[in-house]
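One-letter residues, chain by chain:
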Amino acid sequence: MDTLEIEAVRAFVMIADLQSFTRAAEALGSTQGAVSVKLKRLEDRLGKKLIERTPRQVRMSAQGETFLPSAREFLAAHERALAALTMERRRFRLGIAAHVMGPEVPTLLAKLKSLDPCLTVEVLVDNSRALLDAYEQGSLDAIIVRSDDDRRDGEVLGPEHFGWFTELQSHYDVDATQIGLALSIVGFVGLVLGVSAGVLAGRTGYRRVLVGCLIVGASLSLLQSFLPPFPVLLFSRFAEGVSHLGIVVAAPTMMAFVSARRHRSITMAIWGTFFGVAFGLMGWIGPLVIKHSGLPSLFVGHAAFMAIFALCALRLPATKQAAMRSVEQATFGHFFKENLAVYRNPRTVLPGAIFLFHTSMYIALLTFVPRLTTHPDVTSLLLVALPLASTGGTFLAGIIAQYLMSPQTLVVIAYMVVAGLSVAVATTVSSDYVFVCAAMSLLLFSGLVQGATFATIPHVTRSPDEQAQANGAIAQLGNLGSTLGPPVFAMALGKYGSTGIIGLTFFLCLGGVAVGWMAQKLR
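Throughout what follows, the structure given in this document is the object of discussion. (Residues numbered from 1 in each chain as written. Predicted model: local features only at pLDDT ≥ 70, side-chain atom pairs only at ≥ 80, totals over all residues. Heavy atoms only, no water.)

**Considering the overall build of the protein chain**
Under the convention used in this document: Secondary structure elements are taken from DSSP: a helix is a run of H or I of four residues or more, a strand is a run of E of two residues or more, and numbering for both begins at the N terminus. The classification of residues rests on relative accessible area computed with a 1.4 Å probe and restricted to protein chains. Under 20% of the type maximum is buried, over 50% is exposed, and intermediate values are partly exposed. Residues count as neighbours in contact if any of their non-hydrogen atoms are within 4.5 Å of one another. Only the protein chains shown count as cover for residues, with accessible areas throughout obtained via the Shrake-Rupley method and a probe of 1.4 Å.
Helix and strand counts for the protein chain come out as 19 helices and five strands. For the protein chain, the proportion of its 523 residues judged to be buried stands at 45%. The contacts of the protein chain with a sequence gap of at least 6 include a subset with a gap of at least 24, amounting to 77%. When the accessible surface of the protein chain is totalled, it reaches about 26700 Å², and 65% of it is carbon and sulfur.

**Thoughts on the sheet that holds strand β4 (residues 119-126)**
Strand-to-strand pairing in sheets goes through backbone hydrogen bonds, with the strands running parallel or antiparallel. Heads up, the condition is: Any two strands are treated as partners once DSSP identifies two or more bridges connecting them. The convention used is that axes are lines fitted to C-alpha atoms, helices contributing only their stretch in contact, and that angles between N-to-C directions extend from 0 to 180 degrees.
Spatially, the three strands line up as an open sheet ordered β4-β3-β5, and their pairing is parallel. The sheet terminates laterally at β4 and β5 (142-144), the two strands that pair on one side only. Within this sheet the neighbouring strands show an average axis-to-axis angle of 25°, counted without direction. Taken together, the three bridges between strand β3 (residues 90-97) and β5 define a ladder with parallel strand orientation. By the bridge assignment for β5, Gly95 is matched with Ile143.

**Some details on helix α1 (residues 6-18)**
Heads up, the rule is: Expected helix span is computed as 1.5 Å times (number of residues minus one).
Taking 1.5 Å as the rise per residue, α1 with 13 residues should run 18 Å; its terminal C-alpha atoms sit 18 Å apart, in good agreement. A positive phi of about 55° marks Gln19, the residue just after α1.

**Comments concerning unusual backbone geometry**
Phi is positive for Gln19, close to 55°, though the residue is something other than glycine. One can find Gln19 in the loop between α1 and α2 (21-28). Here the phi dihedral of Leu227 falls at roughly 50°; this positive angle occurs in a residue that is not glycine. Mapping Leu227 onto the fold places it in the loop between α9 (206-224) and α10 (230-258).

**Regarding the packing of aromatic side chains**
Two aromatic rings are characterised by how far apart their centres lie and by the angle between their planes. What counts, and what does not: Centres within 6.5 Å are what make two rings of Phe, Tyr or Trp a pair, Trp counting through its six-membered ring; a difference in plane orientation under 30 degrees is then read as stacked, over 60 as edge-to-face, and the rest as tilted.
In total, this model carries two aromatic pairs according to the counting rule given. Each ring, one from Phe12 and one from Phe67, has its centre 5.5 Å from the other, and the planes form 40°; the classification is tilted. Residue Phe12 is located in helix α1, and its partner Phe67 is located in helix α4 (residues 62-86); the two are separated by 55 residues in the primary sequence. Phe67 shares its class with Phe12; the two are buried. Relative to Phe454, the ring of Phe355 has its centre 5.4 Å away and its plane inclined at 65°; by these criteria the two rings are edge-to-face.

**A word on helix α12 (residues 295-313)**
Which entries qualify depends on this criterion: This arc describes the spread of directions from the helix axis toward the C-beta atoms.
Here α12 is 19 residues long and its end C-alpha atoms lie 28 Å apart, about the 27 Å a rise of 1.5 Å per residue gives. Along α12, the residues that are buried comprise Leu295, Leu298, Phe299, Ala303, Met306, Ala310 and Ala313. The arc that holds the buried residues of α12, viewed along the axis, is 135°, so those residues lie on one side. The exposed residues of α12 that point more than 90 degrees off its buried face are Phe305 and Leu311.

**Overview of the packing of helix α16 (residues 407-427) against helix α17 (residues 432-460)**
Just so we agree on the cut-off: Roughly parallel covers angles under 35 degrees, roughly antiparallel covers those over 145, roughly perpendicular covers 65 to 115, and oblique covers all other angles. Left-handed describes a crossing in which the near helix is turned anticlockwise from the far one by less than a right angle; the clockwise case is right-handed. For this classification, the nonpolar set comprises Ala, Val, Leu, Ile, Met, Phe, Trp, Tyr, Cys and Pro, the charged set comprises Asp, Glu, Lys and Arg, and every other residue, Gly included, is treated as polar.
Axis separation between α16 and α17 bottoms out at 8 Å; the angle between their running directions is 160°. Looking at the two axes, α16 sits roughly antiparallel to α17. Like other packed secondary-structure pairs, α16 and α17 cross with a definite hand, here left-handed. Of the residues contributing to the contact of α16 with α17, the split by class is 20 nonpolar, seven polar and no charged.

**Let's talk about the pattern of salt bridges**
As a reminder, the rule being used: The working definition used for a salt bridge is a side-chain nitrogen of Lys or Arg within 4 Å of a carboxyl oxygen of Asp or Glu.
For the structure shown, the criterion picks out nine salt bridges. In this structure, the salt-bridge partner of Arg93 is Asp141, at a minimum N-O distance of 3.0 Å. You can see Arg93 sitting in strand β3 and its partner Asp141 sitting in the loop between α6 (128-136) and β5, a full 48 residues away along the chain. Of the charged contacts in the structure, one is a salt bridge between Glu240 and Arg237, with a shortest N-O distance of 3.1 Å. Taken together, the residues span about one helical turn, with Glu240 and Arg237 both in helix α10 at a distance of three residues. Each member of the pair, Glu240 together with Arg237, is buried.

**Points about empty space enclosed by the protein**
Here is the rule: The distinction between a cavity and a pocket rests on a 1 Å grid over the protein atoms alone: a 1.4 Å probe fits inside a cavity but cannot get out, while a pocket stays open yet meets protein on both sides within 12 Å along at least five of seven lines, and a residue with an atom within 4 Å of a point counts as lining. Grid points are joined across faces, edges and corners, and a volume is the space filled by probe spheres set on the points.
Within the structure shown, the criterion is met by two cavities of 30 Å³ or more. For the largest cavity, the calculated volume is near 60 Å³. Lining the largest cavity are Leu365, Val369, Leu372, Ser422, Val425, Ala426, Leu442, Ser498, Ile501, Ile502 and Thr505. Sorting the residues of the lining of the largest cavity by element identifies α16 and α19 (498-520) as the ones contributing at least two each. It is α19 that contributes the most residues to the lining of the largest cavity, four residues altogether. Class assignment for the residues of the lining of the largest cavity results in eight nonpolar, three polar and no charged. As a volume, the second largest cavity reaches approximately 40 Å³. Lining the second largest cavity are Thr3, Leu4, Glu5, Ala8, Arg41, Leu42 and Arg45. No other element matches helix α3 (residues 32-46), which puts three residues into the lining of the second largest cavity. In terms of residue class, the lining of the second largest cavity is made up of three nonpolar, one polar and three charged.

**Here's the deal with the packing of α9 against α12**
Running from N to C, α9 and α12 point in directions that differ by 160°, and their axes come no closer than 8 Å. Accordingly, the angle class assigned to the pair α9 and α12 is roughly antiparallel. For α9 against α12, the interelement crossing comes out left-handed. Judged by residue contacts, Arg207, Leu210, Val211, Cys213, Leu214, Ile215, Gly217, Ala218, Ser221, Leu222 and Gln224 of α9 engage Phe299, His302, Ala303, Met306, Ala307, Phe309, Ala310 and Ala313 from α12. Looking at side-chain class alone, the contact of α9 with α12 contains 14 nonpolar, four polar and one charged residues.

**Overview of the side chain of Gln476**
Relative to the helices and strands, Gln476 resides in helix α18 (residues 464-496). Excluding anything up to four places from it in sequence, Gln476 contacts Gly190, Leu191, Val192, Leu193, Gly194, Val195 and Tyr343.

**Concerning the pairing of β3**
Sheet topology places β3 next to β4; eight bridges connect them, and they run parallel. Each residue of the ladder has a partner; that of Arg91, found in β4, is Thr120.

Here's what the structure looks like:
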């Protein structure tokens, strides 16, 4: 019976994990030549080619993919056998703050267990304050928490860019599900009422809707600064979602209305960058404000900015208001027909359909692409750089759509390039430089899709009413995509690995190309 050499199997697993003979040799404290010899000996013993090596990349063969899980079990069994006789069992008590605990933590703990079978890891998930108290009392060996004080007895693992919601969770002493509901309910309003908001805005008047929603939003933020009881906060977040929906419908409609025709593509692309820029500024400024002035000051600042924008919006010209319906028309049935008409009109629904395919993969790409690499430094770089590349692409789309081609044509081209770059990203993971360039390019062209989508609206619609309805469809379908996309991508990644991401991205890009092609027919 053939037997396997433990060191040869260990070399194979290390090469498969690091996708590099050089890094595998460094990790094993050996030389590249010695690692190559061990792998060759294992392949000869098995009679299978496990690793495919080219001048540019190292990757497993189909046989290597099949053998890898068994190889890991083989190494783990070997370590357990040795540990049973030579090592005593140890216990490590780890506390993890609830907002830090993510879906990848169980996998990381399982890997830790496989490296040291005699180590029993006990995990306690709680809020940061409770974990700090437990650590100081000696009931936990280590904790991963968010800290706002000046303690120097810990190691900084990384900055918490959006720690304001953990402040809320700590203040209200609620679990992650409840605080997540308070955060996501704003988007849920857009998912349910997006098209309805587009229809109603035309009846009310866009400047009136914009100013009114800014004032309501400012008032709600001021209320939230007093940190009211949690049910009140939850209701205020729902009302805030309604006000924000009015803003995202009325603001771009007003921007297109006041812009010269030759500037509309750039104007709409600038609007498309607003969300990413606001998100980035909140991540940068928010922690500083909280640290120096406390959480209420963040809400007060938000209220002040919205009040200032409301005053500025008063100077905008009024758009022509749609005729008010008669009492006989003002029924739920008629209102439902108006909503249905938005989805039957290709001029109002196609921009939203383009955006649906984009948002279905955008958040997932930002989340999963940086984690395809095994190098923490590359992952950290991409987590910061990819949103910037996307925002840059969104702004660039306005310039291209204004001076070089129609936004509909840009949508088709950008989706096709995203499909190709998704393959490049998955096949260049072993080369850090090429992988980073491919990932940055992928999100740049994804940003082009977003900018071109907003620029498409004034190109295909014929009136401010249609523009508002198209913006409502974008809000509704965009929220649908960002809700459904990440879990579907997570499922594809877990079941098929990087191949699942490529396949799903390809499918969504094909849908985007088809919808963009249909939008090209509208003039």
